[in-house]
Amino acid sequence: MEAVWSLDTRSLAVFRIGLASIILVDLVNRARDLTAHYADAGILPRATLWNWMYWYLSPHMISGSVYFEAALFLIAGCFAFLLLVGYKTRLATAATWFLLCSLLVRNPFVSNAGDGLLRLLLLWGIFLPLGASYAVDSILAPSKRPYQVYSVGSVALILQMVTMYVVTALLKTGVEWHADATAAYYALNYDQIVRPFGLFLRQFPTLLMVCTRLVFLLEQYGPLLFFVPFATAQIRMLGVVLFMLFHLSLTILFHLGGFPWVGLAGLAALIPGWFWDKVSLRLTQSEARMQARLYYDADCRFCRFSVVALETGLFLPDRMLEPAQLYPDVYEDMTREHSWILHDAKGRYTGFAAFVELCALSPVAWPLAGILRLRPVTLGGEMLYGFFAGHRPIWSRLVSRLRPSDPNRELGAFWQGVVVFMLVYGLFWSAGSFYKMREETLWFGYLTGLGQRWDMFAPFPTKDEGWYVMPARLKDGTTIDIWHEGEPVEWARPYMPDRYKNQHWQKYMEAFWKPYRRAYYPHFASYLCRTWNAQHPDEKKVIEVRLVFMLERTLPDYKQEPPERKDLYTYSCLEMREIQPSL
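The structure presented is a predicted model; accordingly, all values stated were derived computationally and were not measured. (Residues numbered from 1 in each chain as written. Predicted model: local features only at pLDDT ≥ 70, side-chain atom pairs only at ≥ 80, totals over all residues. Heavy atoms only, no water.)

K.L.:
I keep staring at the overall build of the protein and nothing clicks. Help me out?
P.N.:
Assigned secondary structure in the protein consists of 25 helices and 12 strands. When the 583 residues of the protein are sorted by exposure, 52% land in the buried category. Of the contacts formed within the protein by residues at least 6 apart in sequence, a portion of 73% connects residues at least 24 apart. Charge centroids of the protein, computed over 55 positive and 50 negative side chains, lie 2 Å from each other. (Helix = DSSP H or I, 4+ residues; strand = E, 2+ residues; numbered from the N terminus. Buried < 20%, exposed > 50% of the residue type's maximum accessible area, 1.4 Å probe, protein only. Contact = heavy atoms within 4.5 Å. Lys, Arg positive; Asp, Glu negative; His and termini not counted. Charge placed at Lys NZ, Arg CZ, Asp CG, Glu CD.)

Following this line, the structure appears as structure tokens:
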């Protein structure tokens, strides 16, 4: 039982680094549309959200200023960086989770399933020792050995990943996934998100039918590989590899934002310790590495921190590190030369030269050694080493002020009970995809971010898509397409992936043409008017905008029909109100 529900701290380190990297990249991408998507001057003012988000705690709703939003983005980035390096890891995880939940509430229409999964994985990560390996916390802590984690947190994380796959398989009830096996055909005909390789692949109907069957079988039965009680590590690793290949194939075929990458990070947490033991043995099993010894000043906190950080980052065997005080002759040499000392099969090294040889011994950084041996680099490296070595007392005081989270601290009974309750609640919410949950029970899911629905390409891939044309009349009488930066108005079918600036815009516009989004048309049209007019002279200012959607339905057997034109909305930029169509 313990082997089935355990997670390895090295896998959790990869999980932590993966999630933090995804968040940092996502923040940079979202910041490009800071005004458009998150400020009151954009397409979704806060006033339009107040009537349905009363159960959410969102600092992003405090102010509609773009500067306030930028400050929150910066704070979120700082916590994500702390999560990346693993310092104050539990606090960094909790803060990152909270700020992500807040950000997703501020504009839910630009989020996808990957954002929801990221939110949930961060939530369960709060209750796991994410800083126990390959982290600043583990370097500063007395013990940094990898170990197996068997707790309510590990159970919750495993079940979260499994639930996602199982529920989305159960929701795939359309004949497209079963009798017809045409789901892959319809998915690859959704041109808004398909990549060039997907366009190529959809030419082969028989192959698409095979892919449909394989995807359904993997999602429905693949999670069983995580729970086999015999040869658990090897069979679980097979399951991880299969699902990782599945997520990688999604990135090749579709533009899905961060979803495939978040899934890969979640799967990384499930990698068994058996795999890391094999990799570690292969990486460190070298006579040169086994013979090498790096001697450091044990009385210098900065020195110990530096060598442990290098041993961790360069994947060197921990037996290589030796306190110089244990060897009087070595300690005498270290004191005289004011440097750490590396002894290996080739000789004795000090200063920056020792660092170069450490890189040469590393199974991952050895290509860097050749660059570091170049004369200009060596001179600069010696100067840098001399600077740090000459100010060791200062750096030691700084290191001593670092107060890491205890990565080995276990949850108390109260928090274990909280995790169990949230886990059961989240499972019930997932099951709510098949029945309607009681309205009075939903508040907790909204408050904690436990709400989840895994209906990707379910019950069948969408068969409705299309493109937007937004004719705008200027003061000088000309008409341009304001959605496409002033290009001439074209009604013909374009190359779809080029019609959106990024995946967040694509997600916002994906269902924009549907009637339930009509309340947001005035804000969108007003934003188009303001943005255009702020960048153009008076005679080129726009006075009227029309929102038009060209609806195109995917037909079976590669058949086609003319698109259906839908006039959604006409807006007067001068009067700032809806008007009857006049273009």
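Okay, back to it.
K.L.:
When you look at the layout of surface pockets in this model, what are you seeing that I'm missing?
P.N.:
Gaps between atoms show up when a probe of the same size as a water molecule is rolled over them. For the second largest pocket, the calculated volume is near 860 Å³. If you trace the second largest pocket, you find 34 residues lining it, with Arg-10, Tyr-134, Glu-311, Thr-312 and Phe-315 closest to the centre. Going through the elements one at a time, helix H2 (9-31), helix H4 (66-85), helix H7 (136-140), helix H14 (273-284) and helix H16 (301-313) are the ones with two or more residues in the lining of the second largest pocket. If one sorts the elements of the lining of the second largest pocket by residue count, H14 sits on top with 6 residues. Residue classes in the lining of the second largest pocket are distributed as 20 nonpolar, 7 polar and 7 charged. (1 Å grid on protein atoms, 1.4 Å probe; cavity = no way out; pocket = protein on both sides within 12 Å on 5 of 7 lines; lining within 4 Å. Points joined across faces, edges and corners; volume = space filled by probe spheres on them. Nonpolar A, V, L, I, M, F, W, Y, C, P; charged D, E, K, R; others polar.)

K.L.:
Mind showing me how you'd approach the state of the cysteines here?
P.N.:
Cysteine pairs can be covalently joined through their sulfur atoms, and such a bond is termed a disulfide. Applying the stated criterion to the full structure yields 2 disulfides. Paired through a disulfide, Cys-300 and Cys-303 show a sulfur-sulfur distance of 2.5 Å. Given an S-S torsion of about 75 degrees, the disulfide between Cys-300 and Cys-303 has right-handed geometry. What pairs with Cys-529 in a disulfide is Cys-573, and their sulfur atoms sit 1.9 Å apart. (Disulfide = S-S within 2.5 Å.)

K.L.:
I tried to follow the packing of aromatic side chains on my own but got confused; where do I start?
P.N.:
Any pair of aromatic rings gets described here by the distance separating the centres and the angle formed by the planes. If you walk through the whole model with that rule in mind, you get 41 aromatic pairs. The interplanar angle of 70 degrees and the centroid separation of 6.5 Å between the aromatic rings of Trp-483 and Tyr-500 together place this pair among those described as edge-to-face. Residue Trp-483 is found in the loop between strand E9 (479-481) and helix H24 (503-510), and its partner Tyr-500 is found in the loop between E9 and H24; the two are separated by 17 residues along the sequence. Assessed through its relative accessible area of 10%, Tyr-500 is described here as buried. Measuring from centroid to centroid gives 5.7 Å for Trp-483 and Phe-524, while their planes differ by 55 degrees, and the two rings are tilted. Linking Trp-483 in the loop between E9 and H24 with Phe-524 in helix H25 (residues 521-534), this pair joins segments that are 41 residues apart in sequence. (Phe/Tyr/Trp six-rings, centres within 6.5 Å; stacked < 30°, edge-to-face > 60°.)

K.L.:
Looking at this structure, I do not really get the pairing of strand E3 (residues 293-296). What am I missing?
P.N.:
The side chains of a regular strand alternate between the sheet's two faces. For E3 and strand E5 (residues 341-344), the ladder comprises 3 bridges, and the chain directions are antiparallel. Bridging across to E5, Arg-293 finds its partner in His-343. For the crossover that starts at E3, traverses H16 and ends in the parallel strand E4 (residues 321-323), the hand is right-handed. (Pairing = 2+ DSSP bridges. Right-handed = clockwise from strand over helix to strand, strands pointing away.)

K.L.:
Would you take a moment to explain the nonpolar core for this structure?
P.N.:
Among soluble globular proteins, nonpolar side chains are generally buried collectively. Counting residues in hydrophobic clusters, the biggest one holds 125 residues, and the most contacted among them are Tyr-468, Phe-524 and Leu-547. Top contributing element to this core by residue count: helix H8 (residues 152-171), with 11 residues. Those residues in contact with Leu-547 that lie beyond four places of it in its chain are Val-469, Met-470, Phe-512, Tyr-521, Phe-524, Leu-528, Lys-566, Asp-567, Leu-568 and Tyr-569. Listed in part, the 31 residues of the second largest apolar core include Leu-140, Leu-294, Val-307 and Met-320. (Core = buried A, V, L, I, M, F, W, Y, C linked by side-chain atoms within 4.5 Å.)

K.L.:
What is the right way to read the pattern of salt bridges from this model?
P.N.:
Note on pairing: side chains with opposite charge can pair once their charged atoms come close. Evaluation of the coordinates by the stated rule reveals 30 salt bridges. Residues Arg-553 and Glu-564 are paired through a salt bridge, measuring 3.3 Å at the closest nitrogen-oxygen approach. With Arg-553 in strand E10 (residues 542-553) and Glu-564 in strand E11 (residues 564-572), this pair connects stretches of sequence that are 11 residues apart. Residue class for Arg-553 comes out partly exposed when judged on its relative accessible area of 37%. A relative accessible area of 35% places Glu-564 in the partly exposed class. Put simply, Asp-191, Arg-202, Glu-465, Arg-493 and Glu-552 are held in one network by salt bridges that share partners. (Salt bridge = Lys/Arg side-chain N within 4 Å of Asp/Glu carboxyl O.)

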